[in-house]
Amino acid sequence: MGAHATQQAFLEAHEMAFRYFGGVFKQLRYDNLKSAVKRILRGHQREETSRFIAFRSHWRFQSEFCNPARGNEKGGVEGEGGYFRRNHWVPLPEVSDLAELNAYLDACCHKDQQRILSGRTDAVGTAMLQELPHLLPLSAEPFDLTEKSFPTVDGLRCVRVRTNRYSIPLPPGTVIEARLLADYVELWHQGKRVARHERCYSRQQQILDLEHYLDVLRKKPGALAGSTPLAQWRLAGRWPDSFDRLWQALNTRHGRQQGTRQMIELLSLGASEGWDQLRGAVDQALSLGCQDVAAIRHLMITAQLDRPAVEAIDVGQLARYERPLPVMSSYDQLLSEVPA
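Thresholds applied
Residues numbered from 1 in each chain as written. Predicted model: local features only at pLDDT ≥ 70, side-chain atom pairs only at ≥ 80, totals over all residues. Heavy atoms only, no water. Salt bridge = Lys/Arg side-chain N within 4 Å of Asp/Glu carboxyl O. Helix = DSSP H or I, 4+ residues; strand = E, 2+ residues; numbered from the N terminus. Buried < 20%, exposed > 50% of the residue type's maximum accessible area, 1.4 Å probe, protein only. Pairing = 2+ DSSP bridges. Disulfide = S-S within 2.5 Å.

Draft legend 1. Looking closely at the pattern of salt bridges. Enumeration over the complete set of coordinates arrives at 16 salt bridges. The residue Glu47 makes a salt bridge to Arg39 at a minimum N-O spacing of 3.0 Å. Taking the shortest distance from any N to any O, the salt bridge between Glu186 and Arg196 comes out at 3.5 Å. Pair noted here: Glu186 is in strand β9 (residues 184-189) and Arg196 is in strand β10 (residues 192-198), with a separation of 10 residues, a long-range link. In this structure Glu186 comes out as buried when scored by relative accessible area, which is 12%. Connected via shared salt-bridge partners are Lys38, Arg39 and Glu47.

Structure representation (structure tokens):
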């Protein structure tokens, strides 16, 4: 599932469905959506978009289209869509991103394989296994759905992809490869992905990641408080309240500039070790009344420390020297005596 009904999302959904079913149906039937149909001709003939023709040629299936404004030709699809919506979208699921939402929907589809439709004797999953031998095999390589461009990093460490600018942790003047997907923008350099943003469908926007500016902020810590990347992190829910409490405590203890510098060092640790680990360490430190950077760093790596298990040692002949611990209760009587 994608955030917008673009042609990329439409084709990407096909590939996700093919992987789910384990094969490709020989013929697929469609409504007259613009992602597939450029022009409606006489009867069932359609002038398909060039991208859709290339896609179905890659996967080797045939397309067929319904008559315009004839909802009765796809009543079964509408009914199943309504069933899924009522059973898995009510109440609306709460997720952190599209990847988590798609994982939830995939789990719902697998759960529905246990259903037995009215008038049938086999479950949906059993019918799928019976149909599997009749499907076309999956292609060895997926269809390339990405839209590629090669922008240059500007003075604000951003690259322009279509009408928007996305941050990247590379110096100005660097030429990179931008890969535009249905829901994400990936930025690559020298064969390595260096940044990934959720795709913005608005126009003339800046999408900035605070992590991409930490090395600059080390030199100018005073710029952190009013920075646009920080404001966007707050808006996206990536900056928890615990960070503000810790930041304020560091400023009170070390002064604004030095406290902010220490906060930036902690953020750098989150970039390298993981943001979830940093949040957990900060929450734990604050609950203990601690605002020390070194202590938080230790809490982050404590789970990675190698602690060999303590094994029992056979003392052998030394066991005969074992003696019971002394009883000290008699000495307590001296504490209760009143001095003369």
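Text resumes after the structure shown.
Draft legend 2. The pairing of strand β6 (residues 158-161), seen in detail. Taken together, the 4 bridges between β6 and strand β7 (residues 164-167) define a ladder with antiparallel strand orientation. Opposite Cys158, over in β7, you have Ser167 as the bridge partner. In this structure, the hairpin formed by β6 and β7 is closed by a connection of 2 residues, where Arg162 is found at a positive phi of approximately 55 degrees.

Draft legend 3. Region of interest: the state of the cysteines. Across all of its chains, the model carries 0 disulfides by this definition. Summary of cysteine pairing: Cys108 is not part of a disulfide, and the nearest cysteine sulfur, belonging to Cys109, is at 7.0 Å.

Draft legend 4. Molecular detail of the environment of Met128. Along the chain, Met128 turns up in helix α5 (residues 124-131). Along the sequence, Met128 and Cys290 sit 162 residues apart, while their C-alpha atoms lie 57 Å from each other.

Remember that the coordinates give geometry; whether it matters functionally is a separate question.
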